[in-house]
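For reference, the chains in residue letters:
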Amino acid sequence: MELTLKRLHKNPTYTIGKLYVDGVYFCDTVEDTDRGLTQQMNNSYNEARKVYGKTAIPVGRYRVVLSYSDKFKKSLPLLNDVMCFSGVRIHSGNTAEDSLGCIIVGENKIKGGVINSRATMERLMAKLRGQKEIYITIE
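Residues numbered from 1 in each chain as written. Predicted model: local features only at pLDDT ≥ 70, side-chain atom pairs only at ≥ 80, totals over all residues. Heavy atoms only, no water.

## Looking at the pairing of strand S1 (residues 2-10)
Regular strands show a simple pattern: their side chains alternate between the two faces of the sheet.
Phase 1: Across 4 bridges, S1 lies against strand S9 (residues 134-138) in parallel orientation. Counterpart to Glu 2 in the pairing with S9 is Tyr 135.
Phase 2: Note: S1 against strand S2 (residues 15-21), 7 bridges, orientation antiparallel. Across the sheet, Lys 10 pairs through a bridge with Thr 15, a residue of S2.
Phase 3: Where S1 folds back onto S2 in an antiparallel hairpin, the turn is made up of 4 residues. (Pairing = 2+ DSSP bridges. Helix = DSSP H or I, 4+ residues; strand = E, 2+ residues; numbered from the N terminus.)

What follows is the structure, given as structure tokens:
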């Protein structure tokens, strides 16, 4: 399964995007500030630009696994091998403040955030469960 996150609105305190599943629009997203990090840049460059808890993950392609989150007390998608980050998940929330580098899913009906996030996350998990390989490309 291929997920694609297209970042569309990059603001000083948040980033709004659209998430596609196998090329079909699925939902909107909110993330922390996109600071222009990419997988192709070296680690020290990305680390120097990262602001803890306020930076979106680097543009690139990542393998996704479903694993138990101690914080959320349930299975959630976890992005593997994200340079300069650890524990990056796709989960529910409402604004970039809920993110800490993670990807929040929902409907972008409010400025700088999403609504109906829990229901959207449940729909996404229903699609992801049972998939042998999941990747996400962030553009």
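## Points about the packing of aromatic side chains
Phase 1: Going through the model one piece at a time under the given rule, you end up with 1 aromatic pair.
Phase 2: The ring of Tyr 135 has Arg 61 lying over it, and the distance from NZ or CZ to the ring centre is 4.1 Å. (Phe/Tyr/Trp six-rings, centres within 6.5 Å; stacked < 30°, edge-to-face > 60°. Lys NZ or Arg CZ within 6 Å of the ring centre and 35° of its normal.)

## Notes on unusual backbone geometry
Phase 1: Positive phi outside glycine occurs at Asp 22, with the angle close to 50°.
Phase 2: Looking at where Asp 22 falls in the secondary structure, it is placed in the loop between S2 and strand S3 (24-31).

## Some words on helix H2 (residues 117-128)
Phase 1: In this model, H2 (12 residues) spans 16 Å end to end at C-alpha, consistent with the 16 Å of a helix rising 1.5 Å per residue.
Phase 2: Listed in full, the buried residues belonging to H2 are Ser 117, Thr 120, Met 121, Leu 124, Met 125 and Leu 128. Each buried residue of H2 sits inside an arc of 135° when the element is viewed along its axis, so together they form one side. Facing away from the buried side of H2, by more than 90 degrees, are the exposed residues Glu 122 and Ala 126.
Phase 3: Phi turns positive one or two residues past the end of H2, at Gly 130, with a value near 85°. (Expected span 1.5 Å × (residues − 1). Buried < 20%, exposed > 50% of the residue type's maximum accessible area, 1.4 Å probe, protein only. Arc of directions from axis to C-beta.)

## Overview of the side chain of Asp 34
Phase 1: Of note, Asp 34 is situated in the loop between S3 and helix H1 (43-49).
Phase 2: A residue is classified by how much of its surface remains accessible, and Asp 34, at 16% relative accessible area, is buried.
Phase 3: For Asp 34, the side chain forms a polar contact with the main-chain nitrogen of Gly 36, separated by 2.8 Å.
Phase 4: Apart from the residues within four sequence positions on either side, Asp 34 is in contact with Arg 7, Lys 10, Thr 15 and Ala 56. (Polar contact = N/O pair within 3.5 Å; in protein donor to acceptor, adjacent residues only side chain to side chain. Contact = heavy atoms within 4.5 Å.)

## What about the pattern of salt bridges?
Phase 1: Throughout the structure, instances matching the rule amount to 6 salt bridges.
Phase 2: With a shortest N-O distance of 3.5 Å, Arg 7 and Asp 34 are connected by a salt bridge. With Arg 7 in strand S1 and Asp 34 in the loop between S3 and H1, this residue pair connects regions lying 27 residues apart in the sequence.
Phase 3: Asp 28 is paired through a salt bridge with Lys 18; the nearest N and O atoms lie 3.0 Å apart. Here Lys 18 lies in strand S2 and Asp 28 lies in strand S3, a separation of 10 residues in the sequence.
Phase 4: Residue Asp 28 is classed as buried on the basis of its relative accessible area of 8%.
Phase 5: Taking relative accessible area as the criterion, Lys 18 reaches 28% and is therefore assigned partly exposed. (Salt bridge = Lys/Arg side-chain N within 4 Å of Asp/Glu carboxyl O.)

Read these as geometric descriptors, not functional statements.
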